[in-house]
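# Fold and contact review
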Amino acid sequence: MAYINDNFIKIPATYLFSEIAKRVAQHKTENPNADIIRMGIGDVTLPLPDASVDAMITAANEQRKSETFRGYGPEQGYDFLRNSIVENDFKSCGIDIEADEIFVSDGAKSDTGNIGDIFGLQNRVAITDPSYPVYVDTNAMGGRAGEPSASGQWTNLVYLPCNTANNFVPELPYEKVDIIYLCYPNNPTGTTLTKEQLTVWVNYARENNAIILFDAAYEAYITEENVPHSIFEIEGAKNVAIEFRSFSKTAGFTGTRCGYTVVPKSVTALSENGEKVSLNRLWLRRQTTKFNGTSYVVQRAAEATYSLEGKKQVRALVDYYMENARIIRESLQAAGLTVYGGVNAPYIWTKTPDGIGSWEYFDYMLKEKNIVCTPGAGFGPAGEGFVRFSAFGSRENTLKAMKRLEK
Ligand code: MLT
């Protein structure tokens, strides 16, 4: 008899965005002529930058000839991409990261989900509430979250509420935690931490031998000063933090798939016998065993985003979505709704009117307005009473959706 990992039956039967897709598909079946505007999942709509497509064509052509053909590549990424990342994302900002601290992957979702492999089950994990569902779901799958309770919280997780009362700035936990997930600019609330606010967390981690798992997938959307683009801007973070980055939201790689994780060689955690072990070494071991690397063609496409042309094209994509964010934010405000985010992030976190539940408001928006948003409760109990609008649609659809909401 084979047995399953029982943790899988404790988690909701479907992943948040799969559940939404299911409801949208059903609505479409029942209303085949409905002009549905998708502002739910943060999936980009503009095509890839030309620089990346040109690089992919060149790289694909190299695969035709035996002299330039590539088979298995290094699991942690080719040097050409790791060096470009170091130069452009870190050294240029005065951050000292080395190429062997960069692990190229197929995206931040996989890495934030897989990172739990290198941590013991006895760790106490803190997660901001609301948060990207991958953090909670993968800890639950791994057996680190305990049991789900009626309130929607897991018994072994420490929730760090982010709400209007604390201006979406998580407070330090009352009980000691070992691993802390932070995502800034935040998905789903679109809010940020200042350097001083992030320093509080880095100091906490240093004082408590904790590790911060910092998801910076949306850093390119930062427009304000004093908002850190990387946790490694904060003194001491290289001893206590791992950072996740993505080409999905910056260069439109949601389908192309490429991201990377920075695991400084100085970041360590304890073995059961009290020995300090390098997390860089463990992640390298994990990746070389379970992952065969991102495809060469895709890594060339990612590298091209750092060329002069590539940078300009990526900037244009980000600016386009941020203009959508402005339109959504201002239109929702004009419609009398209370909104957060959308200034340093492509998400607008919106309070539902009259205290309507977030799934109820999602259904109303879908059925009455043919607009897909994401119910806040899907991101955790503190998301109840909110919905999230994504700014990744086309300009035309964004304007059309906002016009529908005026009515
Ligand atoms: C989201 O909508 O929260 C994200 O697009 C999901 C993801 O990046 O996996």
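Keep in mind the model is a prediction, meaning the values are calculated, not measured.

Cut-offs applied
Residues numbered from 1 in each chain as written. Predicted model: local features only at pLDDT ≥ 70, side-chain atom pairs only at ≥ 80, totals over all residues. Heavy atoms only, no water. Domains from an automatic or database assignment. Contact = heavy atoms within 4.5 Å. Buried area = accessible area lost by both parts, 1.4 Å probe. Salt bridge = Lys/Arg side-chain N within 4 Å of Asp/Glu carboxyl O. Polar contact = N/O pair within 3.5 Å; in protein donor to acceptor, adjacent residues only side chain to side chain. Helix = DSSP H or I, 4+ residues; strand = E, 2+ residues; numbered from the N terminus. Near = heavy atom within 4 Å. Areas by Shrake-Rupley, 256 points an atom, 1.4 Å probe, with all protein chains shown as cover. Pairing = 2+ DSSP bridges. Axes fitted to C-alpha atoms, helices over the stretch in contact; angles between N-to-C directions. Buried < 20%, exposed > 50% of the residue type's maximum accessible area, 1.4 Å probe, protein only. Right-handed = clockwise from strand over helix to strand, strands pointing away. Left-handed = near helix turned anticlockwise from the far one by under 90°. Nonpolar A, V, L, I, M, F, W, Y, C, P; charged D, E, K, R; others polar. Expected span 1.5 Å × (residues − 1). Arc of directions from axis to C-beta.

Entries for the protein in the domain assignment read domain 1 (6-47 + 310-406) and domain 2 (79-304). Computed over C-alpha atoms, the centres of domain 1 and domain 2 are 24 Å apart. Across the boundary between the two partners, domain 1 contributes 35 residues, which contact 45 residues of domain 2. Between domain 1 and domain 2 lies a buried interface of about 3,200 Å² when both sides are counted; carbon and sulfur atoms form 63% of it. For the interface between domain 1 and domain 2, the tally reads one salt bridge. As a salt-bridge pair, Lys 10 and Glu 147 come within 3.0 Å of each other at their nearest N and O atoms. The tally of links from domain 1 across to domain 2 stands at twelve residue pairs in polar contact (both at pLDDT 80 or more).

Moving on, we get to unusual backbone geometry. Cis geometry is adopted by the peptide bond preceding Pro 130, which originates at Asp 129 and carries an omega value of 10°. Its location among the elements puts Pro 130 in the loop between strand 3 (125-129) and helix 6 (133-142). Residue Pro 188 follows Asn 187 across a cis peptide bond; omega there is 20°. Take Pro 188: it is sitting in the loop between strand 5 (179-183) and helix 7 (195-208). Even without being a glycine, Phe 168 presents a positive backbone phi close to 65°. The phi dihedral of Asn 370 is positive, around 55°, even though this residue is not glycine. Secondary-structure assignment places Asn 370 in the loop between helix 12 (358-369) and strand 13 (371-372).

As a structural note, the neighbourhood of the ligand is formed by Phe 17, Ile 41, Gly 42, Lys 109, Tyr 132, Asn 187, Tyr 218, Lys 249, Tyr 347 and Arg 388. Side-chain polar atom of Tyr 132 to an oxygen atom of the ligand: 2.6 Å apart, as the coordinates give it. Within the contact set of the ligand, an oxygen atom lies 2.7 Å away from a side-chain nitrogen or oxygen of Arg 388. Coverage of the ligand by the protein amounts to 86% of the 270 Å² it exposes when considered alone.

Okay, the sheet that holds strand 3 next. Pairing in this open sheet of seven strands is mixed, and the strands run 2-8-7-6-5-3-4 from one edge to the other. Strands with a single pairing partner mark the edges of an open sheet, and in this sheet they are strand 2 (102-105) and strand 4 (157-161). Here the average twist between neighbouring strands, direction ignored, is 20°. Sheet topology places strand 3 next to strand 4; five bridges connect them, and they run parallel. By the bridge assignment, Thr 128 is partnered in strand 4 with Leu 160. Across the sheet, helix 4 (residues 79-90) lies against strand 2, strand 7 (241-246) and strand 8 (259-262), angled at about 115° from strand 2, the strand it touches most.

Summarising burial for strand 5: five of the five residues are buried, a large majority. Residues Ile 179, Tyr 181 and Cys 183 line one face of strand 5 and the alternating positions Ile 180 and Leu 182 line the opposite face, and both faces are buried. Examined bridge by bridge, strand 3 and strand 5 share three bridges and lie parallel to one another. Counted as the bridge partner of Ala 126 is Ile 180 from strand 5. With helix 7 bridging strand 5 and the parallel strand 6 (residues 211-215), this β-α-β connection has right-handed handedness.

Helix packing for two helices is described by the angle between their axes and how far apart those axes are. Across the interface, helix 3 (residues 50-62) lies against helix 10 (residues 296-304) with an axial gap of 8 Å and an inter-helix angle of 145°. Seen from above, helix 3 lies across helix 10 with right-handed handedness. Residues Ala 51, Ser 52, Ala 55, Met 56, Ala 59, Ala 60 and Glu 62 of helix 3 pack against Tyr 296, Val 297, Arg 300, Ala 301 and Ala 304 of helix 10. Across the contact of helix 3 with helix 10, the residue classes tally to nine nonpolar, one polar and two charged.

What follows covers the side chain of Ser 248. Structurally, the position occupied by Ser 248 is in helix 8 (residues 248-251). A relative accessible area of 4% places Ser 248 in the buried class. In contact with Ser 248, other than residues within four places in its own chain, are Val 44, Phe 253, Thr 254, Arg 257 and Cys 258.

This paragraph deals with the pattern of salt bridges. Within the structure shown, the criterion is met by 21 salt bridges. Among the salt bridges present, the one from Arg 23 reaches Asp 363, with a minimum N-O distance of 3.3 Å. Highlighted residues: Arg 23 in helix 2 (residues 16-30) and Asp 363 in helix 12, separated in sequence by 340 residues. When its relative accessible area of 27% is taken as the criterion, Arg 23 is described as partly exposed. Ionic pairing is found between Lys 265 and Glu 98, a salt bridge with its closest N-O pair at 2.8 Å. Placement of the pair is Lys 265 in the loop between strand 8 and strand 9 (268-270) and Glu 98 in the loop between helix 4 and strand 2, with a sequence separation of 167 residues.

The next subject is helix 3. When the terminal C-alpha atoms of helix 3 are compared, their 18 Å separation across 13 residues agrees well with the 18 Å that a helix rising 1.5 Å per residue should span. Three or more residues of helix 3 are buried, namely Ala 51, Ser 52, Ala 55, Met 56, Ala 59 and Glu 62. Taken around the axis of helix 3, the buried residues stretch over an arc of 135°, which confines them to a single face. Next to the buried residues of helix 3 lie helix 10 and helix 11 (308-334).

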